[in-house]
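# Summary of the model geometry
Chain by chain, the residues:
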Amino acid sequence: MRIVVLGAGSLGSLLAGALAAADADVTLLGRDSEHVRRVRDDALRLTRPDGTETRVPLAVTTDAAAAADADLLVVCVKSYDTADALAGVAEHLGGADVLTLQNGLGNAETVADYVPRERVLAGTTTHGAVREAPGHVRHAGRGDTTIGRYFAPNDARVDAAADALSAAGIETTVTDDPEVAVWTKVLVNAGINAATALARVPNGALVESEAGERVLRRAVEEGVEVARAEGVAVPSDAVERTRAVAERTASNASSMRQDVERGRRTEVEALHGALVRRGAANGVATPVNETLADLVRLAEEG
Ligand code: NAD
Ligand code: KPL
């Protein structure tokens, strides 16, 4: 299976590096950057969760034509770049399946604006990846990965994609309902991301104070109502699951907190913002997510 990973950031570099280290046929497709040049001219420096380091020779390119003979394109750009990234690569794709492992709502639908719906796969991963420096990515924590065809039944090609990722140490299971997986992760992000970004606290702070507990619970409960209004059967213990993630990642700075602190654009529109918009469309009030989203927007503008 020939795999092209689109987006040479933290997650894309980790996945492409893990696949290359396992001798998979993989190419990392990124924008021109010092990171891409370092990987191309030298190798990817990959720090494993146990601290060991390897240098992984990895095919990397900025030429979208590299996707022409791919069997699988894995989308690893931020949710606000999905449309641009797909627009840049779509004309080159042959019959490849396209898998989004991005956080947030709407990515699979955006991918489907550029490739036939039956070729769209979506899923989630709870692996942690951090790009430490140009040419260097750190696998910050192991996790689970779940994928499935988003608008069509699964088939042997989905199993093959999961097998390829699993063989690279990204243990992947196939689900018949990737929409539930995506929503369940969005609820976790709704409970943790904006609150930690705005209060500038690590994830664990949300389960160590009553104020944190309240914000987490209310944001997730609103999200559950929106999911149900959309007919998505998210788990009834979504709050407990989010608390468990906050405990497990207690010392982590959420991605949104990192983005706000570094003055970068956040994925708020695909997370809290999307919940608010979908809530409004379904007559579900989402005042907590609306306020969190507005505060994050203010922080971004500032
Ligand atoms: P990132 O910002 O580190 O990387 C995104 C990369 O995409 C950047 O290098 C950017 O240059 C590139 N890009 C943007 N537009 C492009 C285009 N048109 N063509 C080619 N490349 C383009 O982000 P990340 O942390 O890797 O996250 C990517 C997605 O994965 C997000 O939705 C995130 O929420 C999700 N995710 C990340 C992690 C993680 O641990 N980093 C874990 C799970 C899910
Ligand atoms: O996905 C995350 C993020 O930071 O975006 C969590 C699960 C909250 C871990 O930090």
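Surrounding ligand 2, one finds Asn103, Lys185, Asn189, Ile192, Asn193, Asn203, Val245, Ser254 and Ser255. Within the side chain of asparagine 189, a nitrogen or oxygen atom sits 3.0 Å from an oxygen atom of ligand 2. At a separation of 3.0 Å, an oxygen atom of ligand 2 approaches a polar side-chain atom of asparagine 203. In terms of residue count, the dominant contributor to the shell around ligand 2 is helix H6 (residues 178–199) (four residues). By residue class, the composition of the shell around ligand 2 is two nonpolar, six polar and one charged.

To continue, consider the site of ligand 1. Within the structure, ligand 1 sits among 21 residues, and Ser10, Leu11, Asn103, Ala129 and Glu267 are positioned closest to it. Within the contact set of ligand 1, a nitrogen atom lies 3.3 Å away from a side-chain nitrogen or oxygen of arginine 31. Interatomic distance of 2.9 Å between a side-chain N/O atom of asparagine 103 and an oxygen atom of ligand 1. Every element with two or more residues in the shell around ligand 1 is listed here: helix H1 (10–21) and strand E9 (128–133). Residues belonging to the shell around ligand 1 are distributed by class as follows: eight nonpolar, eight polar and five charged.

Here the focus is the sheet that holds strand E12 (residues 172–174). Strand order in the open sheet formed by eight strands is E5-E2-E1-E6-E7-E8-E11-E12, with mixed pairing between adjacent strands. In this open sheet, the two strands that pair with only one neighbour each are strand E5 (59–61) and E12. On average, each strand axis in the sheet is tilted by 25° relative to the strand beside it, whichever way the strands run. As defined by bridge partners, strand E1 (residues 2–6) adjoins strand E6 (residues 72–75) across four bridges and the pair is classed as parallel. Looking at E6, one finds that leucine 6 is bridged to valine 75. Where H1 meets the sheet, its contacts fall on E1, strand E2 (25–29), E6 and strand E8 (120–125), and the angle it forms with E2 comes to roughly 160°.

The next thing to look at is the sheet that holds strand E10 (residues 136–141). Sheets are built from strands that pair by backbone hydrogen bonding, the pairs being arranged parallel or antiparallel. One open sheet accounts for four strands, arranged E4-E3-E10-E9; its pairing is mixed. In this open sheet, the two edge strands, each paired with only one partner strand, are strand E4 (53–56) and E9. Neighbour to neighbour, the strand axes of the sheet diverge by 25° on average, direction disregarded. Alignment of E9 against E10, held across five bridges, turns out to be antiparallel. Residue pairing for E10: valine 130 is matched across the bridge by arginine 138. Across the sheet, H1 is in contact with strand E3 (44–47), E4, E9 and E10; its angle to E9 comes to roughly 100°.

Close contact between H6 and helix H10 (residues 272–281) brings their axes to 9 Å; oriented N to C, the two are set at 115°. Contact residues: Trp183, Val186, Asn189, Ala190, Asn193 and Ala194 in H6; His272, Leu275 and Arg278 in H10. Of the residues contributing to the contact of H6 with H10, the split by class is five nonpolar, three polar and one charged.

Rules used in this analysis
Residues numbered from 1 in each chain as written. Chains lettered and ligands numbered in written order. Predicted model: local features only at pLDDT ≥ 70, side-chain atom pairs only at ≥ 80, totals over all residues. Heavy atoms only, no water. Near = heavy atom within 4 Å. Polar contact = N/O pair within 3.5 Å; in protein donor to acceptor, adjacent residues only side chain to side chain. Helix = DSSP H or I, 4+ residues; strand = E, 2+ residues; numbered from the N terminus. Nonpolar A, V, L, I, M, F, W, Y, C, P; charged D, E, K, R; others polar. Pairing = 2+ DSSP bridges. Axes fitted to C-alpha atoms, helices over the stretch in contact; angles between N-to-C directions. Contact = heavy atoms within 4.5 Å.

These figures capture arrangement, not role.
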